[in-house]
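Spelled out, the chains give:
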Amino acid sequence: MNTAVKASKGLKLTDILVTIVIAVVFGLVYKIWGPAYDLVKPLGLNAEQLVYGMWFMAGTFAYLIIRKPGVAILAEVAAATVSAFLGSEWGMSTLYYGLLQGLGAELFFAVFLYRNANLWVTSLAAVGSAIASLILDFSYGYIDQLSTWNYVLYVGFRMIGSIVIAGVFAFYLAKALEVTGVTRTLRPATEQDYKGLD
């Protein structure tokens, strides 16, 4: 019985290919999102952090579609790789961010034993990605010189943006795809899946 469970939870070639396709789409979005992020910067008060959550969406969205261990990490790394090869302004550090952001999301999905794909868990996974990105920001020296009030805005806005974009938006986008039946060939929807989306 344990073997059957492990086999069913393991990534199949189809899962990997679908995750890569999702990641390529998000890699393109990530590349386009860079200038959008820069457009918000002039507003000041770290307002650009409200749109930062888009860079975490590949992991949460791919997990909502495939719902297997390792998908969030694979999707984030692959999306970051596509973005880096397309000339991301952050260069190869994009790959480190992708790895840690995917791991941050993956940890929260793992805490719930990969059995929940509801809005709450997806939002927590988005926060996990945000925390991982903040750790890298700090290690690169991007935020270690901020004043306390500025740091609170920076972190707070990133958390809010992450929940809204990589949590709520990713969840409802995946739910819309479920309703259309597009994902049925990838992962047949069960009654439990639909309950998890409520």
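Residues numbered from 1 in each chain as written. Predicted model: local features only at pLDDT ≥ 70, side-chain atom pairs only at ≥ 80, totals over all residues. Heavy atoms only, no water.

A separate point is the nonpolar core. Grouped together as the largest cluster of nonpolar side chains are 47 residues, with contacts concentrated most on Ile 22, Phe 26, Met 57, Phe 61 and Phe 109. Going through the elements one at a time, helix 2 (13-40), helix 3 (57-66), helix 4 (71-85), helix 5 (93-111), helix 6 (119-139) and helix 7 (148-180) are the ones with two or more residues in this core. What Ile 22 contacts, discounting residues up to four positions off in sequence, is Phe 61, Ala 62 and Ile 65. (Core = buried A, V, L, I, M, F, W, Y, C linked by side-chain atoms within 4.5 Å. Buried < 20%, exposed > 50% of the residue type's maximum accessible area, 1.4 Å probe, protein only. Helix = DSSP H or I, 4+ residues; strand = E, 2+ residues; numbered from the N terminus. Contact = heavy atoms within 4.5 Å.)

On to the packing of helix 2 against helix 4, then. Here helix 2 crosses helix 4 at 45°, and the two axes come no closer than 7 Å. Regarding the angle of helix 2 to helix 4, the classification is oblique. Judged by the twist between their axes, the crossing of helix 2 over helix 4 is right-handed. The segment helix 2 lies against helix 4, with Ile 16, Thr 19, Ile 20, Ala 23, Val 24, Phe 26, Gly 27, Leu 28, Tyr 30 and Lys 31 engaging Val 71, Leu 74, Ala 75, Glu 76, Ala 78, Ala 79, Val 82 and Ser 83. Its residues placed into classes, the contact of helix 2 with helix 4 shows 13 nonpolar, three polar and two charged. (Axes fitted to C-alpha atoms, helices over the stretch in contact; angles between N-to-C directions. Parallel < 35°, antiparallel > 145°, perpendicular 65-115°, else oblique. Left-handed = near helix turned anticlockwise from the far one by under 90°. Nonpolar A, V, L, I, M, F, W, Y, C, P; charged D, E, K, R; others polar.)

Now for the layout of surface pockets. Taken as a whole, the second largest pocket spans an internal volume of roughly 410 Å³. Around the second largest pocket, the lining comprises 23 residues; the ones closest to its centre are Tyr 52, Trp 55, Trp 90, Tyr 97 and Asp 137. Taken together, the elements giving at least two residues each to the lining of the second largest pocket come down to helix 2, helix 4, helix 5 and helix 7. Of the residues contributing to the lining of the second largest pocket, the split by class is 11 nonpolar, six polar and six charged. (1 Å grid on protein atoms, 1.4 Å probe; cavity = no way out; pocket = protein on both sides within 12 Å on 5 of 7 lines; lining within 4 Å. Points joined across faces, edges and corners; volume = space filled by probe spheres on them.)

On the secondary structure map, Tyr 142 appears in the loop between helix 6 and helix 7. In this structure Tyr 142 comes out as partly exposed when scored by relative accessible area, which is 45%. Setting aside its immediate chain neighbours within four residues, Tyr 142 contacts Tyr 97 and Asp 137.

Before going further, it helps to spend a moment on helix 5. With 19 residues, helix 5 extends 27 Å from end C-alpha to end C-alpha; this agrees with the ideal 27 Å at 1.5 Å per step. Ser 93, Thr 94, Tyr 97, Gly 98, Gln 101, Gly 102, Gly 104, Ala 105, Glu 106 and Phe 109 are the residues of helix 5 that are buried. On its buried side, helix 5 packs onto helix 3, helix 4 and helix 6. Immediately beyond the C-terminal end of helix 5, within one or two residues, lies Leu 113, with a positive phi of roughly 55°. (Expected span 1.5 Å × (residues − 1).)

With that settled, the discussion passes to the packing of aromatic side chains. The full count for this structure, using the stated rule, is seven aromatic pairs. Centre to centre, the rings of Tyr 52 and Trp 55 are 5.1 Å apart; their planes meet at 70°, and the pair counts as edge-to-face. No difference in accessibility class separates Tyr 52 from Trp 55, as the two residues are buried. By way of ring pairs, the aromatic residues Phe 26, Tyr 30 and Phe 61 are connected into one cluster. Taking NZ or CZ as reference, Arg 158 lies 3.6 Å from the ring centre of Tyr 52, over its face. (Phe/Tyr/Trp six-rings, centres within 6.5 Å; stacked < 30°, edge-to-face > 60°. Lys NZ or Arg CZ within 6 Å of the ring centre and 35° of its normal.)

Our next topic: helix 3. The element helix 3 is largely enclosed, with a buried count of 10 among its 10 residues. Taken residue by residue, helix 3 has Met 57, Ala 58, Gly 59, Thr 60, Phe 61, Ala 62, Tyr 63, Leu 64, Ile 65 and Ile 66 as its buried positions. Close packing links the buried residues of helix 3 with helix 2, helix 4, helix 5, helix 6 and helix 7. Arg 67, located one to two residues past helix 3, shows a positive phi value of around 60°.

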